[in-house]
Amino acid sequence: MEATGTDEVEKIKSKFMSAWHNMKYSWVLKTKTYFSRNSPVFLLGKCYHFKSDESGELSTDGSSFDKINTEISGNVEEFRKDFISRIWLTYREEFPQIKGSALTTDCGWGCTLRTGQMLLAQGLMLHFLGRAWVWPDALDVENSDSESWTAHTVKKLTASFEASLTAEREPKVLSNHHHRTLKRNCADSETRNEVYHRKIISWFGDSPLAAFGLHQLIEYGKKSGKIAGDWYGPAVVAHILRKAVEEARDPELQGVTVYVAQDCTVYSSDVIDRQCSFMDSGKTDTKAVIILVPVRLGGERTNMDYLEFVKGILSLEYCVGIIGGKPKQSYYFAGFQDDSLIYMDPHYCQSFVDVSIKDFPLESFHCPSPKKMSFKKMDPSCTIGFYCRTVQDFEKASEEITKMLKSSSKEKYPLFTFVRGHSRDYDFASSPLHEENDLFSEDEKKRLKRFSTEEFVLL
């Protein structure tokens, strides 16, 4: 009876905290972000120009479109569509209870896990959909209050369903077989893309069975001494993501692997070994790799000398973003304008969505409005991510990034390095791809504990 009473207290406490966090974080989407018309905007390797004859600033929520010419408006809309198409993963509440705790929300402690999920989601989007893909319904997402998400989504889904029924009843007049083939191919491509769009989001669902969901990530974090409710730093999350991808059993995910740099060093042979691990099982294809590099951009504060390098990284189409933030808050950095970083904010408490349901609502997984932050406010601890589809892509990327590192480094040592050979060639313990009894080797545990003590606290 005493244990049951304790559980009830924990549940009441959890519900109270959920209500408090929902009120605390509900303001996030209500603030506008303004962009300069006179400077290019970069988003994960794509460049957008809002330049016009008029001076001043432009809001990307659509309220200023009537004040600018059609060409610029088109570019703004392209940027909005591209940004909104990125997968947004935020605090959630009322999801299934996390094993070993009474928690049914990650409000207040799970932001770095969420930014890590967003980075991995972008890597998977590049892998399955390509960088040119945008969500056809992106511009339909409204900057709504949290309470209107569900009702608005239901209306949209109902309208979409009715439209699809109407379309099926209408006779299709096609001029010839060639046009029919083109239309079918286009429809097939859109259907395939939408299937992968939903599948990627479902892998990040807040349920124990989701491959990269919060529940699974917390289980992997336990191997490094973390439990639900703890704070996670960018480097620890990088290692947790690697383990999650390694342990994923979905056949679609067998063609992707994750490599985490050791002590700011990427060992090329270790990366290529991971990409070629298919060949051991008789397959000729290589794996795509997502490379994660935990770094520090300075000591107590971020060193402004690293600004040009960070901007250079976010200008690459194979960059999948940066897990970072400012002290006590984690953000997912995806672009920049001038000296400000563009990010998606996970500090917005939304209700649990059951992604196992067919045609589950997508709107709450796409951010309606970008945010900006001055680079100098960025906390120095972060993890940078890249995606390389083939070994040749990795070799090309390593050359390009090495040149960037050398040109941006005013000091003797660059932020991180690419080194030929294996880590074991440099007296580092090489961690195995799979371990039967323990997901983290002793060497990894020591490294993770060191990161945990060195990094900033995230709320």
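Small disclaimer: the values here were computed from a predicted structure and weren't measured.

Glancing now at the overall build of the protein chain. Looking only at helices and strands, the protein chain features eleven helices and 15 strands. Across the protein chain, the fraction of contacts at a sequence separation of at least 24, relative to all contacts at a separation of at least 6, is 75%.

Quick look at unusual backbone geometry now. Phi at Glu94 takes a positive value of approximately 65 degrees, unusual for a residue other than glycine. If you trace the backbone, Glu94 turns up in the loop between strand S5 (92-93) and helix H3 (111-128). On the basis of relative accessible area, Glu94 is assigned to the exposed category, the value being 58%. Unlike most non-glycine residues, Asp359 shows phi in positive territory, near 55 degrees.

Let us look at the nonpolar core. Phe79, Leu124, Ile200, Trp203, Phe204 and Phe212 are the most contacted members of the largest nonpolar core, which has 72 residues in total. Among the elements that take part in this core, H3 stands out by supplying nine residues, more than any other. Ile200 has contacts with Ile87, Ala121, Leu124, Met125, Phe128 and Leu129, leaving out every residue within four places of it along the chain. Residues Val289, Ile291, Leu307 and Leu405 belong to the second largest nonpolar core, which totals 41 residues.

This part takes up the packing of helix H9 (residues 307-314) against helix H10 (residues 391-408). It is at 9 Å that the axes of H9 and H10 come closest, and there the two elements cross at 160 degrees. Viewed along their axes, H9 and H10 adopt a mutual orientation that is roughly antiparallel. For H9 against H10, the interelement crossing comes out right-handed. Contacts between H9 and H10 pair Phe309, Gly312 and Ile313 from the former with Ile401, Met404, Leu405 and Ser408 from the latter.

Aromatic ring pairs: the centre-centre distance and the angle between the two ring planes describe each pair. A full pass over the atoms with the stated rule returns 20 aromatic pairs. Measuring from ring centre to ring centre gives 5.6 Å for Phe35 and Phe79, while their planes differ by 65 degrees; the resulting arrangement is edge-to-face. On the criterion of sequence distance, the pair formed by Phe35 in strand S1 (residues 34-36) and Phe79 in helix H2 (residues 70-85) is long-range, its members being 44 residues apart. Accessibility classification places Phe35 together with Phe79 in one group, the buried group. With 5.7 Å between their ring centres and 70 degrees between their planes, Phe50 and Phe79 make a pair best called edge-to-face. One end of the pair, Phe50, is in the loop between strand S3 (46-48) and strand S4 (57-59); the other, Phe79, is in helix H2, with 29 residues separating them in the sequence. Its relative accessible area of 0% is what places Phe50 among the buried residues. Using a relative accessible area of 0% as the deciding quantity, one classes Phe79 as buried. Grouped by ring-pair contacts, the aromatic residues Phe309, Tyr318, Phe386, Phe394, Phe416 and Phe418 constitute a single cluster.

With that settled, consider the pattern of salt bridges. Inspection of every chain in the model, using the stated rule, returns 13 salt bridges. Its salt-bridge partner being Glu252, residue Lys199 comes within 3.4 Å of it at the nearest N-O pair. You can see Lys199 sitting in helix H5 (residues 177-203) and its partner Glu252 sitting in the loop between helix H7 (234-247) and strand S6 (256-260), a full 53 residues away along the chain. Each member of the salt-bridge network shares a partner with another, and the members are Arg242, Lys243, Glu246 and Arg274.

Its 14 residues place the ends of H7 20 Å apart at the C-alpha level, agreeing with the 20 Å of an ideal helix rising 1.5 Å per residue. Summarising burial for H7: 14 of the 14 residues are buried, a large majority.

Before going further, it helps to spend a moment on the environment of Ser269. Among the structural elements, Ser269 can be located in helix H8 (residues 268-275). Owing to a relative accessible area of 21%, Ser269 belongs among the partly exposed residues under this scheme. Residues Ser269 and Gly421, spaced 152 residues apart in sequence, show a C-alpha to C-alpha distance of 4.8 Å. When neighbours within four sequence positions are excluded, Ser269 is seen to be in contact with Gly421 and His422.

Okay, the pairing of strand S13 (residues 371-374) next. Only one face of S13 is buried: it carries Lys371 and Met373, and the other face, with Lys372 and Ser374, is open. Inspection of the sheet shows strand S11 (residues 340-344) paired to S13 by four bridges, in the antiparallel sense. Residue Ser340 lies in a different strand from S13, and its bridge partner there is Ser374.

Turning next to the environment of Phe204. Here Phe204 is to be found in the loop between H5 and helix H6 (214-222). Looking at Phe204, the relative accessible area reads 1%, which means it is buried. Separated by eleven residues in the primary sequence, Phe204 and His215 have C-alpha atoms spaced 9.6 Å apart.

Quick look at the state of the cysteines now. Two cysteines, two sulfur atoms, one covalent bond between them: this is a disulfide. Applying the stated rule across the entire model yields zero disulfides. Sulfur of Cys382: no disulfide; nearest cysteine sulfur belongs to Cys264 and is 9.7 Å away.

On to the confidence of the model for the protein chain. The share of residues in the protein chain with pLDDT of 70 or more is 69%, and the mean pLDDT across the chain is 80. Confidence, read as mean pLDDT per element, is least for helix H4 (residues 149-169) in the protein chain (37) and greatest for H3 (98). Contacts of residues 62-70 to residues separated by more than four positions or lying in other chains number 15 contacts, the stretch itself having pLDDT below 50. Within the model, the stretch residues 450-459 combines pLDDT values under 50 with 37 contacts to residues more than four positions away or in other chains.

Let us look at H8. For an α-helix, the turn length of 3.6 residues means that residues three or four places apart are oriented alike. Those residues of H8 not exposed but buried are Ser268, Asp270, Val271, Arg274 and Gln275. On an axial view of H8, the arc spanned by its buried residues comes to 165 degrees, and they lie on one face.

What counts and how
Chains are numbered independently. Their residues run from 1 in the order of the written sequence. Selection of residues for local features in this predicted model requires a pLDDT of at least 70, selection of side-chain atom pairs for listing and counting requires 80 or more, and totals for whole chains, interfaces and linings are taken over all residues. Excluding hydrogens and water, the side-chain values take into account all heavy atoms of the structure. Helix and strand labels come from DSSP, where a helix needs a run of H or I of at least four residues and a strand needs a run of E of at least two; each type is numbered from the N terminus. Working rule for contacts: check all heavy atoms of both residues, and any pair within 4.5 Å makes them a contact. Only protein chains enter the area calculation, which uses a 1.4 Å probe; residues under 20% of their type maximum are buried, those over 50% are exposed, and those in between are partly exposed. The set of buried Ala, Val, Leu, Ile, Met, Phe, Trp, Tyr and Cys residues whose side-chain atoms join them within 4.5 Å is what this entry labels a nonpolar core. Working convention: axes come from line fits to C-alpha atoms, limited for helices to the stretch in contact. Angles between N-to-C directions cover 0 to 180 degrees. An angle below 35 degrees is treated as roughly parallel, one above 145 as roughly antiparallel, one from 65 to 115 as roughly perpendicular, and anything else as oblique. Helix crossings are classified by the rotation of the near helix relative to the far one: an anticlockwise turn of less than a right angle makes the crossing left-handed, while a clockwise turn makes it right-handed. By convention, a stacked pair of Phe, Tyr or Trp rings (six-membered ring in the case of Trp) has centres within 6.5 Å and planes under 30 degrees apart, an edge-to-face pair has planes over 60 apart, and any other such pair is tilted. Any carboxyl oxygen of Asp or Glu that lies within 4 Å of a side-chain nitrogen of Lys or Arg is treated as forming a salt bridge with it. Expected span of a helix: the number of residues minus one, times 1.5 Å. Pairing between strands requires that DSSP locate at least two bridges from one strand to the other. Criterion for a disulfide: a pair of cysteine sulfur atoms within 2.5 Å. A residue's pLDDT is simply how confident the predictor is in it, with values from 0 to 100. An arc is given here, and it is the one of the directions from the helix axis to the C-beta atoms.

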